Amino acid sequence: SGASAAAAGCGARSSRAKLRPGKPAPSSETPVPVPWDALWAHMASPHHHEVREVSLEAEELNIQGPANGIAKKVYINIFNTGNDDEQYDLSLTQQNWLLGANLAGDQTSVLDAWDGESIIQVNLPMPVGLSPGLYGVTVTATSVDDSTVKRSISLSVEILDTAAVDVSDEDADQSYIPGDPPQTMAFEVRNDGNSADRFSMSANVPTGMVIEFTNLFDGNTPEIETGSSYNVTVRFSFEDGTSGQLT
């Protein structure tokens, strides 16, 4: 028993010798330093989790102008805010097809991860005669690789009341003798505005020529509907002694 006790004592002394004063024994609760270089390598590996996100921004969402056929362009910025390179399909919907809005392209180039960007061009033809009012347009960008990833932006286009008229050019291309009976010529007056309208008629008359509008009402045409026309008749003659080419 003495030998056993001595052996046990030696064993106890040997065990205590391995513990240094001021150094606690390792514990499961002791924090372990994180190897950041290894963690970064893991995140940058091909097996990292893909995050697909896209955003759209426009400097102006409300556009207005006359229906005069002078086109407008709206530019939308598209940003790839995900963590992988992406390409997007582009589409446009509009509340009224008569607006004629369209996109300059139907797909973006490949955008870099983390805020790679491009520009989407929306064309607004502002058609002649388009009725005044508000027209809605929606542009949508959809990931080529994942159709569930998409973003839309809405534009409001206000077509203003537009007065516009076109008068046909007429060339008599014939000779007249001063003192002869008056002759007549018709001019087509077309309403290119976007609402029914009347038009006041006047003429620049050269010296020696006499004209008269024969079918106006207090100097005005009758009300002409959008896209329609009215023929205005002019009676003209020349004073004695008038010669040369008059326009």
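In this text, all values refer to a predicted model and were calculated from it rather than measured experimentally.

1. What about the overall build of the protein?
Link 1 in the chain: The secondary structure content of the protein amounts to two helices and 12 strands.
Link 2 in the chain: Listing each helix as α and each strand as β along the protein from the N terminus yields α-α-β-β-β-β-β-β-β-β-β-β-β-β.
Link 3 in the chain: When the 247 residues of the protein are sorted by exposure, 26% land in the buried category.
Link 4 in the chain: Counting only contacts in the protein whose residues sit at least 6 apart along the sequence, the fraction spanning at least 24 positions is 69%.
Link 5 in the chain: Looking at the protein as shown, the accessible area adds up to about 16,300 Å², and 50% of this sits on carbon and sulfur atoms.

2. What about the side chain of Asn215?
Link 1 in the chain: Inspection of the secondary structure assignment puts Asn215 in the loop between strand E11 (209-213) and strand E12 (229-238).
Link 2 in the chain: At a separation of 2.9 Å, a polar atom in the side chain of Asn215 contacts the main-chain carbonyl oxygen of Asn231.
Link 3 in the chain: Aside from chain neighbours lying at most four places away, what touches Asn215 is Tyr230, Asn231, Val232 and Thr233.

3. Some points on a negative patch on the surface
Link 1 in the chain: Taken together, the side chains of Asp169, Glu170, Asp171 and Glu188 make up a negatively charged region of the molecular surface.
Link 2 in the chain: Within the secondary structure, Asp171 is located in the loop between strand E9 (165-167) and strand E10 (183-191).
Link 3 in the chain: You can call Asp171 exposed: its relative accessible area is 67%.

4. Description of the nonpolar core
Link 1 in the chain: Residues Ile78, Leu99, Ile120, Val122, Leu124, Val139 and Ile159 are the most contacted members of the largest nonpolar core, which totals 27 residues.
Link 2 in the chain: Counting residues per element, the ones that place at least two in this core are strand E1 (54-58), strand E3 (72-80), strand E4 (88-94), strand E6 (116-124), strand E7 (133-143) and strand E8 (150-160).
Link 3 in the chain: What Ile120 contacts, discounting residues up to four positions off in sequence, is Leu56, Val74, Tyr75, Ile76, Ile78, Leu90, Leu103 and Val139.
Link 4 in the chain: Membership of the second largest hydrophobic core comes to six residues, among which are Met201, Leu216, Ile224 and Val232.

5. A few points about the side chain of Ser143
Link 1 in the chain: You can see Ser143 is positioned in strand E7.
Link 2 in the chain: Of the residues examined, Ser143 reaches a relative accessible area of 2% and is grouped as buried.
Link 3 in the chain: Side-chain polar atoms of Ser143 contact the backbone nitrogen of Asp146, separated by 3.2 Å.
Link 4 in the chain: The contacts of Ser143, once residues within four sequence positions are left out, are Arg52, Glu86, Gln87, Tyr88 and Val149.

6. Focus: empty space enclosed by the protein
Link 1 in the chain: Scanning the entire structure with this criterion turns up one cavity of 30 Å³ or more.
Link 2 in the chain: Counted as a void, the largest cavity has a volume near 40 Å³.
Link 3 in the chain: Ranked by residue count, the leading element in the lining of the largest cavity is E12, at three residues.

7. A word on the sheet that holds E4
Link 1 in the chain: The four strands lie next to each other as E2-E8-E7-E4, forming an open sheet whose pairing is mixed. Two strands close off the open sheet at either side, each with one partner strand: strand E2 (62-66) and E4. For this sheet, the mean angle separating the axes of adjacent strands, direction not counted, is 25°.
Link 2 in the chain: Sheet analysis places E2 next to E8, joined by five bridges and oriented parallel. Note that in E8 the partner of Gln64 across the bridge is Glu158.

Calculation notes
Residues numbered from 1 in each chain as written. Predicted model: local features only at pLDDT ≥ 70, side-chain atom pairs only at ≥ 80, totals over all residues. Heavy atoms only, no water. Helix = DSSP H or I, 4+ residues; strand = E, 2+ residues; numbered from the N terminus. Buried < 20%, exposed > 50% of the residue type's maximum accessible area, 1.4 Å probe, protein only. Contact = heavy atoms within 4.5 Å. Areas by Shrake-Rupley, 256 points an atom, 1.4 Å probe, with all protein chains shown as cover. Polar contact = N/O pair within 3.5 Å; in protein donor to acceptor, adjacent residues only side chain to side chain. Patch = residues over 30% accessible without salt bridge, like charges linked within 9 Å, V, L, I, M, F, W, Y side chains within 5 Å. Salt bridge = Lys/Arg side-chain N within 4 Å of Asp/Glu carboxyl O. Lys, Arg positive; Asp, Glu negative; His and termini not counted. Charge placed at Lys NZ, Arg CZ, Asp CG, Glu CD. Core = buried A, V, L, I, M, F, W, Y, C linked by side-chain atoms within 4.5 Å. 1 Å grid on protein atoms, 1.4 Å probe; cavity = no way out; pocket = protein on both sides within 12 Å on 5 of 7 lines; lining within 4 Å. Points joined across faces, edges and corners; volume = space filled by probe spheres on them. Pairing = 2+ DSSP bridges. Axes fitted to C-alpha atoms, helices over the stretch in contact; angles between N-to-C directions.

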